[in-house]
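This is what each chain is made of:
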Amino acid sequence: MNDTLVTLIPKKKVTEQIADFRAINICNVLYKIVSKTIANHFRLVLDEVISEAQSAFILGQLIFDNILVSFECMHRIKRWKRKHGSMAIKLDMSKVYDRVEWTLVEQMMRQLGFSERWINLVIHCISFVSYSFVLNGAIYGLIKPLCWLH
């Protein structure tokens, strides 16, 4: 159910570099239905388990809201550092997301009070996945991730 094909689609009419392509995942229809059902059920509790500060993950709010907040913070820091000194730390969230351990997801869901049946369904969806690659119309390779969400 979790077998996924990865292929590249061109971003431009003329492609010269690998950066001119975007990787997409082609999933099984049954997996898409199951994962969409899980996501829809999660929407019912998102306000309780996701902080208001993580607005990019809440329906109806945009990641641009966070960009505006960061600009306001940097403006304040620039004005304030003349008197007190200050510092800001920039985190690369895409790298953070790519390194989530399955056990952490499982433990967090358990801590938040999700049922074992629900936890097992989610863990099954994220941990029993395999990737193959479509190159020039042929399918190559089989990769089975061991402990990370990608």
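A quick note: this is a predicted structure, and the numbers were derived from the prediction, not measured.

Basis of the calculations
Residues numbered from 1 in each chain as written. Predicted model: local features only at pLDDT ≥ 70, side-chain atom pairs only at ≥ 80, totals over all residues. Heavy atoms only, no water. Buried < 20%, exposed > 50% of the residue type's maximum accessible area, 1.4 Å probe, protein only. Helix = DSSP H or I, 4+ residues; strand = E, 2+ residues; numbered from the N terminus. Pairing = 2+ DSSP bridges. Salt bridge = Lys/Arg side-chain N within 4 Å of Asp/Glu carboxyl O. UniProt positions renumbered as here; feature names shortened; annotations may be inferred.

Trainee: Report on the pairing of strand β4 (residues 138-143), specifying residues and quantitative values.
Mentor: Among the six residues that make up β4, zero are buried, leaving the element largely open to the surroundings. Of the strand pairs in this sheet, strand β3 (residues 130-135) and β4 are connected by four bridges, and their pairing is antiparallel. The residue of β4 that forms the bridge with Tyr-131 is Ile-143.

Trainee: Residue-level account of the pattern of salt bridges, with values.
Mentor: Evaluated as defined, the whole model comprises three salt bridges. Across the pair Lys-12 and Asp-20 runs a salt bridge, and its minimum N-O distance is 3.3 Å. Judged by its relative accessible area of 7%, Asp-20 is buried. Arg-110 serves as the salt-bridge partner of Glu-106, at 3.3 Å between the closest nitrogen and oxygen.

Trainee: Can you lay out the UniProt feature "transmembrane region" (unreviewed entry) in the chain for me, pointing to particular residues and giving the numbers?
Mentor: In this numbering, the UniProt entry assigns the feature "transmembrane region" (unreviewed entry) to residues 118-143. Along residues 118-143 the backbone is 38% helical and 46% strand, and the end-to-end C-alpha distance reaches 26 Å.

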